[in-house]
Amino acid sequence: MVGETMVMLADNLVTNFDVVDLLTTLTDRCVSILGVSAAGLMLAGPDGVLRVIASSSEQMRLLELFELQTEQGPCLECFQTGHAVNHYDLANAVERWPRFTPEALDTGFRSVHALPMHLRDDVIGALNLFHTQPDGIDTDTLHAAQAFADIATIAILQYRATLQSHELMDQLNTALNTRVVIEQAKGIVAERSQVDMEQSFAMLRRHARNNNLRLADVAAAVVRGALNPTALTEG
């Protein structure tokens, strides 16, 4: 399964791949294959500011947003230093991250590892892995997760390299703004279909894939009213 995931990520090394869908798939595979409890990914925009771009669950997304709001936590530290951040028992991390740690513990997590998305000195983001048990993530799992992150990094950097500087700014801003539109669409689908946010996101992704559409286009269609949320099925 790890090998299949590597191939899947490598298949996205093509022009016009869907950044949000690729990175969401990466976080999902970290949970389903590597056995971590939750995974999230932050990506830097052209201005160098980190944004939450993908999460394995709504709970994880909210924790990462909290990390950005408090300006402290493993993913930020990893991005700033360019090195992996490992903390095997969050119960002992209050002094290191006094605001983030209590929130992570309240969410149910006990250990965290943040892995850099970088190529040489170019750091573009970080991958967060959480587990509900202390020492819940072993070395082999971390190596596999870093390999996933490395391939995704190469995909993004390769695509960036094909664009002119002004096009790069537009593309990365579009990818980050897409996340905002997707969140709006999730809320609309959740409200109209009476499902939770995770189910609504799954419905949007499934509709996009079943109809060979970009996730961003489906979300935009829902937001502007061109696609009726009731036309999506839970599956």
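Check the entry above for the structure.
For every chain, the first residue of its written sequence is number 1, and the numbers climb from 1 along that sequence. At least 70 in pLDDT is required for a residue's local features to be given in this predicted model, at least 80 for side-chain atom pairs to be given and counted, and no such filter applies to totals for whole chains, interfaces and linings, which use all residues. Here the side-chain values reflect all heavy atoms present in the structure, with hydrogen atoms and water set aside.

Asker: Got a minute to help me understand the overall build of the chain in this structure?
Answerer: Secondary structure assignment for the chain yields nine helices and five strands. Of all intrachain contacts in the chain linking residues separated by at least 6 positions in sequence, the fraction that spans at least 24 positions is 61%. Helix and strand definitions follow DSSP, with helices as H or I runs of at least four residues and strands as E runs of at least two, each counted in order from the N terminus. It only takes one pair of heavy atoms within 4.5 Å for two residues to be counted as in contact.

Asker: Sorry if this is basic, but what is going on with the side chain of E58 here?
Answerer: Among the secondary structure elements, E58 is positioned in helix α3 (residues 58-70). Here a polar contact is recorded for every N or O atom pair within 3.5 Å, except that within protein the pair must consist of a potential hydrogen donor and a potential acceptor, and residues adjacent in sequence are included only if both atoms are side-chain atoms. A polar atom in the side chain of E58 sits 3.0 Å from the side chain of K186. Apart from the residues lying within four places of it in its own chain, the contact partners of E58 are K186, M197 and E198.

Asker: I'm lost on the environment of T153 in this one. Help?
Answerer: Mapped onto the secondary structure, T153 falls in helix α6 (residues 139-161). Remark: the alpha-carbon pair of T153 and M117, spanning 36 residues in sequence, is separated by 5.7 Å. Dropping the residues within four chain positions of it, T153 is found in contact with M117, H118, L119 and I124. Among the polar contacts made by the side chain of T153, one reaches the main-chain carbonyl oxygen of A149 at a distance of 2.7 Å.

Asker: For this particular structure, what's the right way to read the sheet that holds strand β3 (residues 85-87)?
Answerer: Strand pairing in a sheet is mediated by backbone hydrogen bonds. Such pairs are either parallel or antiparallel. A pair of strands is labelled paired if DSSP reports no fewer than 2 bridges between them. If you trace the five strands from one edge of the open sheet to the other, you get β2-β1-β5-β4-β3, paired in antiparallel fashion. Two strands in the sheet have a free side with no partner beyond their single neighbour: β2 (50-55) and β3. Mean inter-strand twist for the sheet, computed between neighbouring axes without regard to direction, equals 20 degrees. Sheet topology note: the strand β4 (residues 111-119)/strand β5 (residues 122-131) ladder contains nine bridges and is antiparallel. Angles here are taken between N-to-C directions and fall from 0 to 180 degrees, while the axes themselves are lines fitted to C-alpha atoms, restricted in helices to the stretch in contact.

Asker: Would you take a moment to explain the environment of S37 for this structure?
Answerer: Considering the arrangement of structural elements, one finds S37 in the loop between α2 (19-32) and β1 (38-44). Only protein chains enter the accessibility calculation, which uses a 1.4 Å probe. A residue is then buried if its area is under 20% of the maximum for its type, exposed if over 50%, and partly exposed in between. For S37, a relative accessible area of 30% corresponds to the partly exposed category. Sequence separation between S37 and S111 is 74 residues, and the spatial gap between their C-alpha atoms is 9.8 Å. Sequence-distant contacts of S37, defined by excluding residues within four places in its chain, comprise V31, F109, F130, H131 and T132. A polar side-chain atom of S37 sits 3.0 Å from the main-chain amide nitrogen of T132.

Asker: Is there a simple way to explain helix α9 (residues 215-224) in this structure?
Answerer: Since the α-helix packs 3.6 residues into each turn, any two residues three or four apart lie on the same face. Taken together, the buried positions of α9 are occupied by L215, A216, V218, A219, A221 and V222. Two residues or fewer past α9, G225 is found with a positive phi of approximately 90 degrees.

Asker: Would you explain unusual backbone geometry in this entry?
Answerer: With the exception of glycine, most residues fall at negative phi, and the peptide bonds are largely trans. A positive phi angle, near 55 degrees, is found at E71, a position not held by glycine. Its place among the elements puts E71 in the loop between α3 and α4 (74-81). Even without a glycine there, the phi angle at Q194 is positive, about 55 degrees. With respect to the helices and strands, Q194 occurs in the loop between α7 (165-193) and α8 (197-210).

Asker: In this structure, what is going on with the packing of α2 against α8? I would like to understand it.
Answerer: It is the contact of α2 with α8, at a shortest axis distance of 13 Å, that shows an interaxial angle of 125 degrees. Put simply, α2 runs oblique to α8. As for how α2 packs across α8, the hand of that crossing is left-handed. When α2 is examined against α8, the residues D21, T24, T25 and D28 are found in contact with a partner set consisting of F201, R205 and R209. The residue makeup of the contact of α2 with α8, split by class, is one nonpolar, two polar and four charged. Comment on the angle field: the value is read as roughly parallel under 35 degrees, roughly antiparallel over 145, roughly perpendicular from 65 to 115, and oblique elsewhere. By convention the crossing between two helices is left-handed if the near helix lies anticlockwise of the far one by an angle smaller than a right angle, and right-handed if it lies clockwise. The residue classification treats Ala, Val, Leu, Ile, Met, Phe, Trp, Tyr, Cys and Pro as nonpolar and Asp, Glu, Lys and Arg as charged. All others, Gly included, are polar.

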